[in-house]
Amino acid sequence: MKKNILFLLSCLSLSSCYINKFSDFSQTFPPPLDTSKWTPITSSPIFIDDTVPYIVHTGTDKIVYIYKNSKNQLIYLEHNSLLNTTKQHNISSVLTPGATIVKLVYTEFGSQKIIGIVDRLNKFKSYIIHNNFNTSPQYDFLIPSSSINLYLHFHSASKGNLLYENSGGTDLKSFNLTPSADPPIHTPSLNVAPTGFSYTTLTRNKNSLALYYNTDKFKTYNFTDGSVADGPSFTAAGLNMFMFSLQEGNDIWVTTTTAGKMNIYKVRVQNDGSIPSTTLIRSDLDTLEHGFIAKGEGGDYFMASQNVVDNKVQIVKTSDNFNTMEILGGITATTSEFKSVGGVPYLSYINTTTKELTILKYSNNEPDNDVSPQANISINSTTVSRNTPFTVSASTSSGNNLRYFWSVSPNNGATVENSTHSTTRITLPPSSAPIEIILEINDGSRSDRTTQEVTVL
C-alpha cells in the first residue's frame with residue numbers, strides 16, 4: 001500500500017506519467033488535464049440544449065460540431081486543424097416555427113454539407129448547407145417511431161442510405177436514397193442487419209455496411225444486396241461490451257470488456273466487406289471500459305476510457321501499441337467524444353450542471369521560452385516624496401503571457417493609478433515607517449510575488 005501511495009503522489013506531481021505495469025496503471029488516478037496542452041478551440045464558453053445530442057464529423061483537415069445552443073439556435077462549428085481556426089455559423093433556417101428537434105445527423109459528400117433533423121412527430125428532414133450557410137430543403141418523410149440512432153451516408157449523386165436503429169437496439173434498417181432525383185426519392189429497404197447492441201457503420205465500394213459482433217464472430221452486412229460476410233472465429237469468456245472507434249484505412253479499432261478487463265483489437269474490413277483478420281493489440285487492462293482510440297502524429301495513438309474506480313474519463317498516449325502508456329490526465333464526465341484529425345486529438349464533453357460544451361484540442365508543442373514567472377520591481381529611487389506620484393515598473397519581470405497586480409501596504413491614503421498594468425504610478429501619504437510596494441504576476445497557471453520598501457519624506 002505504501003508503495004502505491006508514493007507512486008501516486010509522484011505521478012500527480014508531474015504533468016504526465018509513464019506506466020509500464022498494468023497493475024500499477026489500473027490503480028493510478030489520473031491528474032487533471034494539462035491546460036497548456038489541452039486548450040479550448042473557442043475563446044467563449046458554449047452553452048447547449050443537451051436534450052438534443054450534439055454530433056461530431058471529421059474530415060481530412062477539419063472537425064465539425066453541430067449542436068443546439070441554449071438560445072434555441074442550431075449552430076455549425078468548424079475547426080480547421082491545419083490553420084488552427086474556428087468558425088461558427090447559425091443554421092437555424094432549418095428550424096420551422098414550433099418544431100422540436102429530437103435528433104441530429106450530418107454528413108458530407110464531395111463539397112456538399114447535409115444536415116438531417118428528426119422532430120417529435122418522427123419526421124426526418126434533410127437540408128443542403130450552402131457555402132454562404134443558407135440552406136435548401138432536400139428530404140421530408142416519416143420514419144418509424146421506434147427509431148433511435150440515425151446514420152446518413154451518400155455514396156454518389158444518385159445513391160445513399162439513411163440507416164436507423166430500432167428502439168430495442170437489436171437490428172439496423174435502411175431507407176434507400178436517390179438524392180439526384182427531382183424531387184429526391186426515398187424507398188424503405190427490406191434489408192435488415194441483426195446487429196445486437198454493438199456495431200458501427202462503414203462505407204465500402206459505395207455501399208453502406210454495418211460491422212457487428214454476432215455468434216462468436218465479427219460480421220459485416222451490406223445494405224445494398226443484403227449480403228453477410230463472416231470474419232474469423234472470435235470468442236472470449238464473459239465478453240459483454242464492444243466499443244468501435246477509430247477507422248484507419250481498412251482497419252477499425254475496437255475495445256471490449258471481458259470479465260472486468262478491457263482489451264484492444266484491430267478488425268480489418270476489406271472493400272468487398274470481407275473480414276480477413278482480427279488482431280489483438282493489448283489485453284487485460286484492469287478497471288477500464290468504454291475505450292475510444294484516436295490517431296496522433298507519427299506512430300502515436302491516444303485512448304480515452306472510463307476508469308471504473310473513480311468514474312473519470314482518462315486519457316493516455318502510446319507510441320508502442322499500448323505496451324506502455326503515458327497518462328495525460330482525466331476529466332469528470334459521464335459521456336464524451338474523442339476524435340482525431342490530421343494526427344491531432346480532440347476531446348469534447350458536456351458539464352451536466354452548467355450545460356457547457358467543452359471542446360479541447362491537444363498540442364504537444366512546448367511553449368516558447370517556457371519559464372516560471374519571476375516578479376521584479378524597477379523604481380528610480382527607494383526614497384519618494386509625500387503626496388507626489390512616482391513610477392514603478394514590472395518590465396524586468398520574466399514569464400509568458402503575464403498579468404500584473406500592484407498594491408501597497410499599509411494602504412491608508414495611498415493611490416495606485418493602474419493596478420493591472422505593467423507600469424503604473426503610485427502616490428503615498430506621509431509615513432514615519434517604510435511602506436511596501438507589492439507586485440504579483442501570473443501566467444495563467446503559475447504566479448510569483450515580490451515587494452519593494454520605500455521611504456516617504
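It should be emphasised that the depicted structure is a prediction, and the values quoted were computed from it without experimental measurement.

Turning our eyes to something else, we now look at the confidence of the model for the protein. Taken as a whole, the protein shows an average pLDDT of 87; of its residues, 90% reach a score of 70 or greater. Counted against residues more than four places away or in other chains, residues 1-27, with its pLDDT under 50, gives 46 contacts.

With that settled, the discussion passes to unusual backbone geometry. The omega angle of the peptide bond from Asp-182 to Pro-183 is 0 degrees, so this bond is cis rather than trans. For the peptide bond that leads from Ser-409 to Pro-410, omega is -5 degrees, which places it in the cis range. Here Pro-410 lies in the loop between strand E34 (403-409) and strand E35 (415-416). For Asn-122, which is not glycine, the phi dihedral falls at a positive 65 degrees. Checked against the element boundaries, Asn-122 lands in the loop between strand E9 (112-119) and strand E10 (123-129).

To continue, consider the side chain of Asn-207. Structurally, Asn-207 is set in strand E17 (residues 207-214). Judged by its relative accessible area of 12%, Asn-207 is buried. Within the local environment of Asn-207, its side chain forms a polar contact with the side chain of Lys-159, the two groups lying 2.6 Å apart. When residues no more than four places from it in sequence are discounted, the contact partners of Asn-207 are His-155, Lys-159, Leu-202, Asn-222 and Thr-224.

Let's shift gears to the environment of Ser-277. Take Ser-277: it is sitting in strand E23 (residues 277-286). A relative accessible area of 27% means that Ser-277 is categorised as partly exposed. Taking the C-alpha atoms as reference, Ser-277 lies 6.2 Å from Val-267; in sequence the two are 10 residues apart. If we skip the residues at most four places from it in the chain, Ser-277 touches Pro-232, Lys-266, Val-267 and Arg-268.

Moving on, we come to the environment of Ala-99. Mapped onto the fold, Ala-99 is located in the loop between strand E7 (85-90) and strand E8 (101-109). Considered as a pair, Ala-99 and Lys-123 are 24 residues apart in the sequence and their alpha carbons are 10 Å apart.

Conventions we followed
All residue numbers here refer to positions counted from 1 along the written sequence of the relevant chain. In view of the model being predicted, local features appear only for residues whose pLDDT reaches at least 70, and side-chain atom pairs are presented and counted only at 80 or more, with totals across whole chains, interfaces and linings using the full set of residues. Values shown for side chains rest on all heavy atoms present in the structure; no hydrogens or waters enter the calculation. Confidence scores labelled pLDDT are given residue by residue by the predictor and lie between 0 and 100. Contact between two residues is taken to exist if any of their heavy atoms lie within 4.5 Å; hydrogens are not considered. Secondary structure elements follow DSSP: runs of H or I no shorter than four residues count as helices, runs of E no shorter than two count as strands, and numbering proceeds from the N terminus. Exposure is judged per residue with a 1.4 Å probe applied to protein chains only, and the accessible area is read against the type maximum: over 50% gives exposed, under 20% gives buried, and values in between give partly exposed. Here a polar contact is taken to be a pair of N or O atoms separated by no more than 3.5 Å, where protein atoms must pair a possible hydrogen donor with a possible acceptor and residues adjacent in sequence count only if both atoms sit in side chains.

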